[in-house]
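Structure assessment
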Amino acid sequence: MSLKVWFLATRPWSFVMTVVSVGLAGSLAWRVGSFEPLYFLLTLFGLIAFHAASNMLNDYYDVKHTVDVDGAPTTRYRMHPLLSGQIDVKPFRIMIASLYAVVLSIATYLSLVRGPVVLVFTIAGLFFSYFYTADPVPLKHRALGEISALLTWGPLMVGGTYFVLTGRIDALPVIASLPIGVLVMTVLFANNMRDVDYDRTVNITTLPMLLGKERSLTFYKYSILSAYLILFALVVAALLPPTTLLVILTIPSAIRLVRIFKRGIPDAADPLTAQLAFRFGLLMIAGVLVGSFLEKFGMFL
């Protein structure tokens, strides 16, 4: 079995969302003068392993529940090594367990140096990771996938990383994580909007199915808008530096994206939304870092 096939089985293109969440936490920690490079790298590696395990577990249960079959939408947009038989079930499960073992090992070490709160964040993340598609309560099948993504890539990932880096639980990283969490949620929502007809045939209930087409488009539009409004409110409240408003550079892309969706949900619904989320996240991180640098030199009144 080639390493390339194993690598693609983890859906590596999605890791940019984890990089953004961890990067935001790192920028916020650096802003308060408490950045530990080793802990940052360990956390980043551990959370990428967590993301990879979550993706593979999602594929495993989707195949088990016959959600992913030949001809399913997901098979038209990416390689699916488990479904195609390129990887057998047993080694696939062993790899998932190994990735989770890496996550738990890193979390255990960090809990020894930072305290048991690290394990609280880890257990909460593992809950959403496992029960996203796993029996007996697959959240994805009960229209709870979006909120799971928001909480995981928002408050849990950013707040948890911030705690590892600073040893503190603060409200700011939790609130500041919401724009990123909302946009990651919107990526999943876009995917579910595209697949709504297929999901209905396999007895999955997603949020777009409950909302219907028109209300789903409204939800999509206002979810994206809320990311900007939350960030603007944080800047107005002087909780984030003015340079964080660099994210306004992505507004034209957001407007174009919403217009595309109004004409019809594109096949590339989720990657297009993910591109917006990634650019927004990078500019937000850059804004925090640049603003923090200027604040240290008293360049903001």
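Before reading on, note that the structure itself is shown above.
Quick look at the structure, then. Residue numbering note: each chain is counted from 1, following its sequence as written. Local features in this predicted model are restricted to residues whose pLDDT is 70 or higher, and side-chain atom pairs enter the listing and the counts only when it is 80 or higher, whereas totals over whole chains, interfaces and linings include all residues. Values shown for side chains rest on all heavy atoms present in the structure; no hydrogens or waters enter the calculation.

**Some points on the overall build of the protein chain**
Of regular secondary structure, the protein chain possesses 15 helices and zero strands. Every radius of gyration here is taken over C-alpha atoms, with the globule rule written as 2.2 Å times N^0.38, N being the number of residues. Expected size for 301 residues packed as a compact globule is a radius of gyration near 19 Å; at 19 Å, the protein chain falls within 12% of this value. With respect to the three principal axes, the spread of C-alpha positions in the protein chain is 60 × 50 × 35 Å. Note on exposure labels: buried denotes an accessible area under 20% of the residue type's maximum, exposed denotes more than 50%, and partly exposed covers the range between, all computed with a 1.4 Å probe on protein chains only. Among the 301 residues that make up the protein chain, the fraction classed as buried is 54%. Across the protein chain, the 23 positively charged side chains and the 16 negatively charged ones have centroids separated by 5 Å. Working definition: helices are DSSP H or I runs of at least four residues, strands are E runs of at least two. Numbering for both runs from the N terminus. When charges are counted, neither His nor the chain ends are considered; positive counts come from Lys and Arg and negative counts from Asp and Glu. Charge coordinates come from a single atom per side chain, which is NZ of Lys, CZ of Arg, CG of Asp or CD of Glu.

**Quick notes on empty space enclosed by the protein**
Grid spacing is 1 Å over the protein atoms alone, the probe is 1.4 Å, and a cavity is where that probe fits but cannot get out, while a pocket is an open set with protein on both sides within 12 Å along at least five of seven lines and lining residues have an atom within 4 Å of a point. Grid points are joined across faces, edges and corners, and a volume is the space filled by probe spheres set on the points. Tallied over the full model, the rule gives one cavity of 30 Å³ or more. Contributing to the lining of the largest cavity are 19 residues, with T43, L47, V118, F121 and T122 lying nearest its centre. At the level of secondary structure, the elements contributing two or more residues to the lining of the largest cavity comprise α3 (37-64), α6 (89-114), α7 (117-131) and α8 (145-166). Charged means Asp, Glu, Lys or Arg here, nonpolar means Ala, Val, Leu, Ile, Met, Phe, Trp, Tyr, Cys or Pro, and polar covers whatever is left, Gly included. Across the lining of the largest cavity, the residue classes tally to 12 nonpolar, seven polar and no charged.

**Topic: the packing of α3 against α7**
Lines fitted to the C-alpha atoms define the axes, with helices restricted to the stretch that makes contact. Angles between their N-to-C directions range from 0 to 180 degrees. At their nearest, the axes of α3 and α7 sit 8 Å apart, and the two run at 25° to each other. Of the possible angle classes, the one that applies to α3 and α7 is roughly parallel. Seen from α3, the contacting residues are F50, S54, L57 and Y61; seen from α7, they are G125, L126, S129 and Y130. Residues that form the contact of α3 with α7 fall into these classes: five nonpolar, three polar and no charged. Comment on the angle field: the value is read as roughly parallel under 35 degrees, roughly antiparallel over 145, roughly perpendicular from 65 to 115, and oblique elsewhere. In what follows, residue pairs with any heavy atoms lying within 4.5 Å of each other are defined as contacts.

**Focus on a nonpolar patch on the surface**
Nonpolar side chains collect at one region of the surface, where W30, F35, L289, F293 and F297 lie side by side and expose about 480 Å² of accessible area between them. With relative accessibility at 34%, the residue L289 sits in the partly exposed group. Only residues whose relative accessible area exceeds 30% and that take part in no salt bridge are eligible for patches, with like-charged residues grouped when within 9 Å of each other and nonpolar side chains (Val, Leu, Ile, Met, Phe, Trp, Tyr) grouped when within 5 Å. Each accessible area is a Shrake-Rupley estimate made with a 1.4 Å probe; only the visible protein chains count as cover when residues are assessed. A side-chain nitrogen of Lys or Arg and a carboxyl oxygen of Asp or Glu constitute a salt bridge if their distance falls within 4 Å.

**Digging into the side chain of S292**
Secondary-structure assignment places S292 in helix α15 (residues 269-296). Polar contact criterion, stated in full: a pair of N or O atoms within 3.5 Å, where within protein one must be able to donate a hydrogen and the other to accept it, and residues adjacent in sequence count only if both atoms are side-chain atoms. A polar contact of 2.6 Å, which involves the side chain of S292, links it to the backbone oxygen of V288. Setting aside its immediate chain neighbours within four residues, S292 contacts W30, R31 and P241.

**A closer look at the layout of surface pockets**
Size it by volume and the largest pocket reaches roughly 1,100 Å³. Around the largest pocket, the lining comprises 44 residues; the ones closest to its centre are R11, N55, L188, N191 and D270. Listing elements by their share of the lining of the largest pocket, those giving two or more residues are α2 (15-31), α3, α4 (73-77), α7, α8, α10 (178-194), α11 (196-201) and α15. For the lining of the largest pocket, the element with the highest residue contribution is α3, accounting for seven residues. The residue inventory of the lining of the largest pocket, partitioned by class, reads 19 nonpolar, 13 polar and 12 charged. Empty space within the second largest pocket amounts to approximately 230 Å³.

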